[in-house]
Structure formats: structure tokens, C-alpha cells
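# Residue-level structure breakdown
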Amino acid sequence: GYGDALAPGHGEVPAQGLGDAPARGYGEVPGTGYGDALAPGHGDALAPGYGEVPAPGYGDTLAPGYGEIPAPGHGDAPATYLFKQAITQEVAYNLLAADQRRTLHRSVAEWHERTHADDLSPFYPFLAYHWGQVIEADETEPDLVAKAVDYLEKAGEQALQNYTNREAVEFFNRALNLDARFAPKGEPLSAARNLRRARRERQLGQAYYKLGQLAESCEHLRRALVFLGRPVPTTRGKLMVSLLKQLLQQILHRIWPARFVGCSPQADSILLEAARVYSNLKEIAACTNETVEVVNAALHTLNLAEAAGPSPELARAYAGACAMAGYVSWHALAKIYRYRARETARRVAHLPTLVTVLGVTGLYDVGAGQWTNARDSGEQAVEIANRLRDQCLWATVAMILAKVAYYQGDFAGSAKLWADIGAVASRCGNVQQQHWALAWRAINLLRLGSAEQVAEAITSLEMAVTLTAENVARADKLIPDIGMPRLLSYGLLAVARLRQGQRQSAWQFAEAAVRLMGPSPPLYLPGMGMPRLRGMGMPRLRSMGLPRLRGIGMPRLRGMGMPQLHELEGYAGVAEVYLTLWETSVINSQSPAERRSLVKSARQACQALRKFARVFPIGQPRAWLWQGLYDWLAGKPDKAHRAWYKSLVVAERLAMPYEQGLAHYEIGRHLTPNDPARQAHLKRAREIFTRLEATYDLMCTQTVLNASQPANGHYPNGVNLML
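Keep in mind the model is a prediction, meaning the values are calculated, not measured.

### What to know about the overall build of the chain
For the chain, the count of helices and strands is 28 helices and two strands. Each of the 723 residues in the chain was classed as buried or not, and the buried ones make up 55%. In the chain, of all internal contacts separated by at least 6 residues, the share reaching a separation of at least 24 is 68%. In the form shown here, the chain has an accessible surface area of approximately 30500 Å², with 53% of it arising from carbon and sulfur atoms.

If you want it as C-alpha cells, here you go:
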């Protein structure tokens, strides 16, 4: 976002960041920003209003008649150097000798440092550029190199904070290259210099992550850990050993906090920087469906931050631990970490951290179906983000309220909020957030269900798929193909195409989604359940919410991927499509071979959905719903009805009205016409869908109500359609 302060052709200056510079007295400056008097594409560095010429005499280099150059000191008029044409300016600059250019750049930089000494922050990119030009020669004073690197680092941090991530990448890359180029040869680097290099690598990794370039992000984050003396394990075996060591360390932290928490002999700055790096690696591993890496990184983050003592990093680490404990269904432990996260965030009095903590713990509450807690967290986080005037942070935490609205049945309100989130994410350049916004808006449109809304949902989903394909790094040795964002879109596209009657297209999208559900490696190797921990005298573990130490290797994660909360409708959509295609296969006279393929795919989709529901309770109503239909089609009507009633009970307990309507509909339409409960369930479904304005589901329910027999394709006697 800092435009041409970097180098010729690097873009325009947007409204944020340096965009408010004209208000400081720059006047109207033709061109692209700073420095047209100095270098091609760098704007009017000596713009009207500066009142002082840093290097008098260089104006004579300009061709007569091409610039208006009042002599300094003539009356009250300020010195003005303004090129009327960019080509002339470029030619004039190139006529300067290299020494003249360096002297001119240095004069301009020093003039700004003197004139704006009270606040140089708006000029960091400008100063970084000019000091960078000064030290282009190989023989350069170390102090000047340090100054250039420092300004590049500050400009990069500013760009990262303002979400102008491409400029941040440019700044940090240049800082790292300059630092490496002028580093003392043959001398070991000091701990302070290694720490600064690690920080730059980590910030560069953050910028790449926000751009959706996860391979590059991971590479620089791993380099940061090397500079910190904590290289990432390079083999699977070493990774498992690292995970188990971190797990044991966290148990010790919980049992003897006075001995381990805040008591590390290592410098806090190094511990906290390593914690930040591992936190970023955890986010990447979650995006790439790598379960072991997620848990390992989360435990590293928590242990490192606890060793350093109370800090914003520790608050965020506790929030991550809350999410991780919820992931393995240790909800008592998750609530403990949630409490610690919020208390630590308030204790360190850092509002951005409090927003992040509320956002992460709020998403945990969404996944657990705790709507009141989730809504409270979301509203507090949104209020603080608005107070901070941070729109990009607002978009992150507003997703909580958008999800709560959806699961509570406010589809129109949720769709509007997701549209707002997508607009902000686009301005911030957050590719992944744009994808979620497009996909989730489409979910709400599908629930509303009119033909026009289904078509609009398809357009939104196709945009999401295209966006991901264009921006996410794939087929890389460091980062595997990223399936999770596209899994949601493909599953929803399958449902949307099926509603339009495009069976083949629906099948193809469902197949594409299934290919992205491949299992990640198990969280622990067979026989590594840590039985030696038994008998170690740890009675307080029960009070931590860990009632069973045996099997602490979290076997529930064996053989499954890393499902994300966002993905419920992707998993459920695939199951719905396969089951519907199977259900109608007899009517459409499909071959037995094709039907067997559908049966197998439906079984796999239901299994994947059940695994999702083990992690996130809000997935249970839909998992039981489609399991019931699978059992019905497999000729097990009693088992099917038990599953549907479980779906209804869980949906009512979690206060999820749309799921309640679906359960009533499935129960009612599979009862015989003379069963009085049939009409009761279908009418209840109609009431719910009418209230939720779920047009498609309401139409289906009314069709069944109007029929004297169950709707086509549904068999009340549980006929076995597997063969």
C-alpha cells in the first residue's frame, strides 16, 4: 500500500497507510507519490511546501524549459522542483552520476529525518527507499546499512499492520537481503542479530500467509525457527517424539505451575518470538489438513509462552489450547483454557489480543453449540474491533456472529453479514477469508432456496473455487494441496447442481469433494499411548478435565483428517448428494454397478460426517440425519428411525431450528400414510421451514403433505436398495 516509495513501477499509493500524507502540507503533486525529482516513479520528493532544497545545484542538470525551478530564497516562495513529464524526469535522473545520486538520496533522507523528527512513521517507506539507494555501493558504512535495514523493517511492519501484504513482502525481503549482503564475513552472528533475522522471517511468513501463499509462508517460518535455534523436526518419527515431549511438558506445567510457568532461564524475547512462529505454523497446518503438525505446533506455542510468563502471546496460546482441547472432546479442559485465555488477555491489557482471544474462544463455543457464549464473545470482539477502527480484524471476528445467525436460522441476516465480511476481506487482501465469505453466503442462499437464490449461490461458489485456485500454493514439496476451503465449495456445488436437476454435475462435484477428504496420519503411532505415565502420582489431572490419562494419545483422531468448523456443510452436502442419488437410482433405472458405486460413496460420506461430528457437536444432528437415511435405504427401517429421533433430540438440545425441521421431515415422510405421527411431524417441519423462510425445504414438505403416499423415491417398508 506504499506504492512507489519502493521502486519504479511498484504501484499506486492507496487510501490507507501513507495516503494521508497530502494532509501534512504536501500540496497537490502530479504523478504517483514521492520522489519524481529523484528517480523514475518515485513522485515529487521535493514537492511544494517543503521550503528547503536538500541539495542545491542539482537542478542545473535538468534540461531548460522542462521544469519550473525557482531559486531558493527568492521572496517567500518555497523552492519547487516539478517535472512536467515523467520521461523528462527519468532522463534527468539518469544523467546524474552514481555518486551524485547517492548524495542526493542521502540529502533528501536526512532532510526528512530533521524536519519530521517528531513522527517519522508516515515516511518509513520513503526513508527506506532513499537509504537503500545510498548503500547500493559495496563499500558502505555499517551504520548506514543498519539504518536502511531498520527503516525497511519498520516499513514492513507498518504494511503488515495495514494489510498491504505485497508491500510487506517487498520490504522484508529487501531487509533480509541487505542484512545478509553486508553481514560480517566469517564471524558468528550475535543472539540479538539472530533474533532480528528470525523476527523478519516470521513477519515475511505472515505476509505470505495473508496472501494465501502458504508454501512460501511455511518456508520462511521454518527459517525463523532455525535462527532461534529451534529447527522443525524433519522426519515423521522426530515429529512424533517432539509432540509427546511437548505434551508431557504441558502436563507438568499444569501440575507444578510455580516451577515451570514464567521460570525459563532463556530470554523472554526469544521464547515469545518462537511462540509466535509456532502459532503461525499451527494456522498453516490447520489449513493443510495436517493433524499432527497442528497439535505439535499448538503445544509448542503454549509451552513457550507459559515459560516466558504473562503476555499477549500467552493469552493467544491459551485460546489455541481451548480450541485444541475442544477438538479432542476434552470440553472440561477447553473451558479451563478459555478462562485462562480471557483472564490473561485482560491482565496484559492489549485490546487486539483480547479481540483475537474472544474470536478463537467464540468459535469454540460455536462448534460446541453454546450460542449465548458465542454471541457474547462475537459482540464484544466486534465492539473492540470497531473501537480500534480495524476493519480487517472486524471481518475475522464478525464471522462468529454470522455463524450464530445461520445456525439459529436467520439465513437472510447471515447472508448479509457474510457479504459485508467478504467486502472487507477483499479490501484487506485476505484470500482465505474471501473464500469463506463467498461459500457461507452461498450456504444461506441455498437454505433460502428460491431458483434465483440457488443460481446466485452457484455463482458465488464458482467465484470461491476460482479464487482459491488462483491464489493458494499447491503441488509444493513443503505444502500439500490445500483441500479444506475447496471441500466446502465442492460439497455445496454438488447440492446446488442436484437441486437444478443436473445429476451428473452433482455427482462430479461430490467426487471432487471426496478426494479432498483423504485421511491425514493418525495423531499417535500404535503402542504410543504413553502407558508409562500411569502411576506417576498425578491425582490432580482429574481436576484439569482429563479424567482418563490412559490413551492420552487421543485415539479419536486416528485415521481422519483435520476437519474445520467451517466445513460442516461441505461434509453434509456430499452425504446428501450421494444418498439422494442412491435413493432415486431405482426410479431412474440405473445399473446395479452404478448403484453399488453410489452405496459405497454414500457410506464413506456418512463416515466422514460422523467423524466431523465427533469433533464438533453441532455436526451431530446432520450426521444422525443422513445416517438414518443410509440405514433406511439399506433396508433397516427401525435403525433408521432411531437415528432420526437422535437427530431430532440433539437438534432440540442444541437449539438448532433448521436441523429440527430436517429431522421432523425425514421422520414424517418415512412413516406410513395412516400413521397419525406422520402428519404431526410434517406439519411441524412446515412450521419451522415457514418461519425460517427456507423455500426449498418448505416446498418439499408441502409436496409430501399433499400426497396420499410417501414422496417418490422413499420406501416406507425399508426396501433394500443396495443391490
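There is more to say after this.
### Concerning the pattern of salt bridges
Overall, the coordinates contain 30 salt bridges when judged by the stated rule. Residues Arg200 and Asp179 are paired through a salt bridge, measuring 3.3 Å at the closest nitrogen-oxygen approach. Of this pair, Arg200 sits in helix α6 (residues 191-210) while Asp179 sits in helix α5 (residues 165-181), and the two are 21 residues apart along the sequence. In terms of burial, Arg200 and Asp179 fall into one category: buried.

### Considerations on the packing of aromatic side chains
Centre-to-centre distance and the angle between the planes together describe a pair of aromatic rings. This structure, assessed with the given rule, holds 15 aromatic pairs. Judged by centre distance (6.2 Å) and plane angle (40°), the rings of Tyr124 and Tyr151 are tilted. Of this pair, Tyr124 sits in helix α3 (residues 124-134) while Tyr151 sits in helix α4 (residues 142-161), and the two are 27 residues apart along the sequence. With relative accessibility at 6%, the residue Tyr151 sits in the buried group.

### Examining a positive patch on the surface
On the surface, Lys636, Lys639, Arg642 and Lys646 cluster together into a positively charged patch. Along the chain, Lys646 falls in helix α25 (residues 637-653).

### Topic: the nonpolar core
Formed by 166 residues in total, the largest nonpolar core has its most connected members in Trp394, Tyr407, Ile421, Leu579, Trp582 and Trp626. Examining the composition of this core, we find that 12 residues originate from one element, helix α16 (residues 391-407), more than from any other. Every residue in contact with Tyr407, bar those within four places of it in the chain, is listed here: Val366, Trp371, Trp440, Leu565, Leu568, Ile618, Ala655, Met656 and Pro657. If you look at the next biggest cluster of nonpolar residues, it comprises 35 residues, including Tyr93, Leu127, Trp131 and Val169.

### As for the packing of helix α22 (residues 568-583) against helix α24 (residues 620-633)
Interaxial distance between α22 and α24 falls to 10 Å at its minimum, and their mutual angle equals 15°. Viewed along their axes, α22 and α24 adopt a mutual orientation that is roughly parallel. When you trace α22 past α24, the crossing you get is left-handed. Counting all contacts with α22, which are made through Glu569, Ala572, Ala575, Glu576, Leu579, Trp582 and Glu583, the residues of α24 involved are Arg622, Trp626, Leu629, Tyr630 and Leu633. Class assignment of the residues belonging to the contact of α22 with α24 gives a composition of eight nonpolar, no polar and four charged.

### Considering helix α21 (residues 503-515)
The end-to-end C-alpha distance of α21, which contains 13 residues, comes to 19 Å, matching closely the 18 Å that a straight helix rising 1.5 Å per residue would cover. Among the residues of α21, Ser505, Ala506, Trp507, Ala510, Ala512 and Ala513 are the ones counted as buried.

### A short note on the confidence of the model for the chain
Per-chain confidence: the chain averages 79 in pLDDT, with 76% of residues scoring 70 or above. Across residues 1-75 the pLDDT falls below 50, and counting only partners more than four positions away or on other chains, this stretch makes 169 contacts in the model. Note on residues 710-723: pLDDT under 50 across the span, and 43 contacts to partners over four residues away in sequence or across chains.

### Some details on the packing of helix α26 (residues 657-669) against helix α27 (residues 676-692)
For any two helices packed against each other, the geometry is given by the interaxial angle and the distance between the axes. At a minimum axis separation of 8 Å, α26 and α27 run at an interaxial angle of 150°. As summarised for this structure, α26 and α27 are arranged roughly antiparallel, according to the angle between their axes. As for the relative orientation of α26 and α27, their crossing is left-handed in sense. Contact residues: Pro657, Tyr658, Gln660, Gly661, Leu662, His664, Tyr665, Ile667, Gly668 and Arg669 in α26; Arg678, His681, Leu682, Arg684, Ala685, Ile688, Phe689, Arg691 and Leu692 in α27. For the contact of α26 with α27, the residue count by class is 10 nonpolar, five polar and four charged.

### Some words on a nonpolar patch on the surface
Among the surface-exposed residues, Ile87, Val91 and Leu95 lie close enough to one another that they form a single nonpolar patch of about 310 Å² accessible area. One can find Leu95 in helix α1 (residues 86-95). On the basis of relative accessibility, which here comes to 57%, the residue Leu95 falls in the exposed class.

### With respect to α25
Here α25 contains 17 residues, and its C-alpha end-to-end distance of 24 Å stays within 8% of the 24 Å for a straight helix at 1.5 Å per residue. Considered for burial, the residues of α25 that qualify are Ala640, His641, Ala643, Trp644, Ser647, Leu648, Val650 and Ala651. Ala655 lies just past α25 and shows a positive phi near 55°.

### So, the environment of Val149
Looking at where Val149 falls in the secondary structure, it is placed in helix α4. Sequence separation between Val149 and Leu176 is 27 residues; the distance between their C-alpha atoms is 7.9 Å. Apart from the residues within four sequence positions on either side, Val149 is in contact with Ala175, Leu178, Asp179 and Arg200.

### Focus on the environment of Gly212
Mapped onto the elements, Gly212 comes out in the loop between α6 and α7 (214-227). Taking C-alpha positions, Gly212 is 5.8 Å from Val431, a pair spaced 219 residues apart along the chain.

### A word on unusual backbone geometry
If a residue is not glycine, its phi is most likely negative; likewise, a peptide bond is most likely trans. With a phi angle near 65°, Tyr163 is a residue other than glycine that sits in the positive phi range. Looking at the element boundaries, Tyr163 is found in the loop between α4 and α5.

Parameters and conventions
Residues numbered from 1 in each chain as written. Predicted model: local features only at pLDDT ≥ 70, side-chain atom pairs only at ≥ 80, totals over all residues. Heavy atoms only, no water. Helix = DSSP H or I, 4+ residues; strand = E, 2+ residues; numbered from the N terminus. Buried < 20%, exposed > 50% of the residue type's maximum accessible area, 1.4 Å probe, protein only. Contact = heavy atoms within 4.5 Å. Areas by Shrake-Rupley, 256 points an atom, 1.4 Å probe, with all protein chains shown as cover. Salt bridge = Lys/Arg side-chain N within 4 Å of Asp/Glu carboxyl O. Phe/Tyr/Trp six-rings, centres within 6.5 Å; stacked < 30°, edge-to-face > 60°. Patch = residues over 30% accessible without salt bridge, like charges linked within 9 Å, V, L, I, M, F, W, Y side chains within 5 Å. Lys, Arg positive; Asp, Glu negative; His and termini not counted. Charge placed at Lys NZ, Arg CZ, Asp CG, Glu CD. Core = buried A, V, L, I, M, F, W, Y, C linked by side-chain atoms within 4.5 Å. Axes fitted to C-alpha atoms, helices over the stretch in contact; angles between N-to-C directions. Parallel < 35°, antiparallel > 145°, perpendicular 65-115°, else oblique. Left-handed = near helix turned anticlockwise from the far one by under 90°. Nonpolar A, V, L, I, M, F, W, Y, C, P; charged D, E, K, R; others polar. Expected span 1.5 Å × (residues − 1). pLDDT = per-residue confidence, 0-100.

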